[in-house]
Amino acid sequence: MKPFIPQLVYIEPNALDYPLGRELKEKFEQMDVEIRETTSHNQVRGIPGETDLQKYRNAKSTLVVGVRRTLKFDTSKPSAEYAIPLATGCMGHCHYCYLQTTLGSKPYIRAYVNLEEIFEQASKYIEERKPEVTRFEAACTSDIVGIDHLTHALKETIEFIGKTEYGRLRFVTKYHHVDHLLEAKHNGKTRFRFSVNSRYVIKNFEPGTSSFDERLEAARKVAAAGYPLGFIVAPIYRHQGWEEGYKELFERLKDSLDGVNLKELTFELIQHRFTKPAKNVIMKRYPKTKLEMDEEQRKYKWGRYGIGKYVYKTEEAEELETMIRGYISVYFPQAEVQYFT
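On a predicted model such as this, the values are computed, not experimentally measured, just so you know.

**Student:** Report on the overall build of the protein, specifying residues and quantitative values.
**Tutor:** Along the protein, the regular secondary structure elements total 11 helices and 14 strands. By the compact-globule yardstick of 20 Å for 341 residues, the protein fits well, its C-alpha radius of gyration being 20 Å. Referenced to the eigenvectors of the C-alpha coordinate spread, the extents of the protein come out at roughly 55 × 50 × 40 Å. The buried share of the protein, reckoned over its 341 residues, is 55%. Within the protein, contacts between residues separated by at least 24 positions form 76% of all contacts whose residues are at least 6 apart in sequence. Counting only carbon and sulfur atoms, one obtains 48% of the accessible surface of the protein, whose full area is about 15,900 Å².

**Student:** How would you summarise helix α10 (residues 276-285) if you had to cite specific residues and measurements?
**Tutor:** Those residues of α10 that sit buried are Ala-278, Ile-282 and Arg-285. The buried side chains of α10 occupy one side of the element, clustering within an arc of 70° when seen end-on. Projecting away from the buried face of α10 at angles above 90 degrees are the exposed residues Pro-277 and Lys-284. Contacts made by the buried residues of α10 are with α2 (52-59) and α3 (99-102). Looking at where α10 begins, the residue whose side-chain oxygen comes 3.1 Å from the main-chain nitrogen of Ala-278 is Thr-275.

**Student:** With reference to specific residues and values, describe the state of the cysteines.
**Tutor:** Scanning all chains against the criterion turns up zero disulfides. Among the cysteines around Cys-90, which has no disulfide bond, Cys-94 carries the closest sulfur, lying 6.5 Å off. No disulfide involves Cys-97; its nearest neighbouring cysteine sulfur is the one of Cys-94, lying 6.3 Å away. A relative accessible area of 22% means that Cys-97 is categorised as partly exposed.

**Student:** For the environment of Met-283, give the residues involved together with the corresponding values.
**Tutor:** The residue Met-283 is located in helix α10 in this model. Given a relative accessible area of 35%, Met-283 falls into the partly exposed group. Counting along the chain gives 10 residues from Met-283 to Met-293, while the straight-line C-alpha distance between them is 9.8 Å. Apart from residues lying up to four places away in sequence, Met-283 is in contact with Thr-289 and Met-293.

**Student:** Explain the sheet that holds strand β8 (residues 167-173) residue by residue, including any values.
**Tutor:** Across the sheet, seven strands lie side by side as β4-β7-β8-β9-β10-β11-β14; this open sheet has parallel pairing. The sheet terminates laterally at β4 (82-83) and β14 (336-340), the two strands that pair on one side only. Both strand β10 (residues 229-236) and strand β11 (residues 266-271) contribute to a ladder of five bridges, which runs parallel. Residue Ile-232 lies in a different strand from β11, and its bridge partner there is Glu-268. The strands that helix α6 (residues 153-162) touches are β7 (134-137), β8 and β9 (190-196); relative to β8, the one it contacts most, it runs at about 150°.

**Student:** So what about a negative patch on the surface? Which residues, and what values?
**Tutor:** Taken together, the side chains of Glu-23, Glu-26, Glu-116, Glu-120 and Glu-156 make up a negatively charged region of the molecular surface. Where the negative patch is concerned, the elements lending two or more residues are α1 (19-30) and α4 (115-129). Here Glu-23 falls in the partly exposed class, since its relative accessible area comes to 43%.

Cut-offs and rules
- Residues numbered from 1 in each chain as written.
- Predicted model: local features only at pLDDT ≥ 70, side-chain atom pairs only at ≥ 80, totals over all residues.
- Heavy atoms only, no water.
- Helix = DSSP H or I, 4+ residues; strand = E, 2+ residues; numbered from the N terminus.
- Rg over C-alpha atoms; globule rule 2.2 N^0.38 Å.
- Buried < 20%, exposed > 50% of the residue type's maximum accessible area, 1.4 Å probe, protein only.
- Contact = heavy atoms within 4.5 Å.
- Areas by Shrake-Rupley, 256 points an atom, 1.4 Å probe, with all protein chains shown as cover.
- Arc of directions from axis to C-beta.
- Polar contact = N/O pair within 3.5 Å; in protein donor to acceptor, adjacent residues only side chain to side chain.
- Disulfide = S-S within 2.5 Å.
- Pairing = 2+ DSSP bridges.
- Axes fitted to C-alpha atoms, helices over the stretch in contact; angles between N-to-C directions.
- Patch = residues over 30% accessible without salt bridge, like charges linked within 9 Å, V, L, I, M, F, W, Y side chains within 5 Å.
- Salt bridge = Lys/Arg side-chain N within 4 Å of Asp/Glu carboxyl O.
- Lys, Arg positive; Asp, Glu negative; His and termini not counted.
- Charge placed at Lys NZ, Arg CZ, Asp CG, Glu CD.

Next comes the structure, spelled out in structure tokens:
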């Protein structure tokens, strides 16, 4: 899969006050990509398309270069204390993705150029919590690796965290364009995670992402560069033959990582879930999807912030967890399973 190149770029005027903003403008001019001006990365208008679906697909290939003004970081997922805001949006077309509703009418990709200000805020959070370690997640609202060959913002963040005593960085990706990150001075303080799944899920629900084999080749490179390695199996999905499908996943994973140092290997396990608003958006954007979203077949679960979601019924979820944990214990007995949710 070729690295992402936007078909259309919008730039906030204020972004040109920062070195990265000017660098990106020059880079896209040299690449002969159309550049437009926008007053705010939150108010991008004029994305081409005659229908909502066309506009959505064009937005997925549009990059907005902007300034992150809100520097209070969100509290993050089970894996980190804070989300560090380097980018928003993703060029992938994963049918199940929660960004379908979180980003709503703004599915375009945003890259933030005021890195020094972002790092300054991160330093404050680290200082407040020390001597406890503070973990930052860089992929809460984006697949940052998918655009970092253009921005190198992630590389700079890895090196910034590498210099701290109590900071740690984490991110997850479905892309294999990692070569420029292999030389980053990470000092073992960044955990590089790859999203993996069964053949069925990748084939049917993850268009516009790197293949499983490409991700595994990248994982080998990352481990060889000394990064702590992790995998997120998500969403764990009960398709026909799922037991064998996930067994094959771990067999292929084991074979591909033969000879790699896996002493700090981690797994995170996330069952498939959806909300009613997400289902409505997914059906509009991917009308031919095979994704099963029958509320009658699911259990309703209240979330941390009062937003409910549909997950597998208790017995089915327990069966999934037991099966996946079993495969991990067989193929990666030294690995840590951080959570199942």
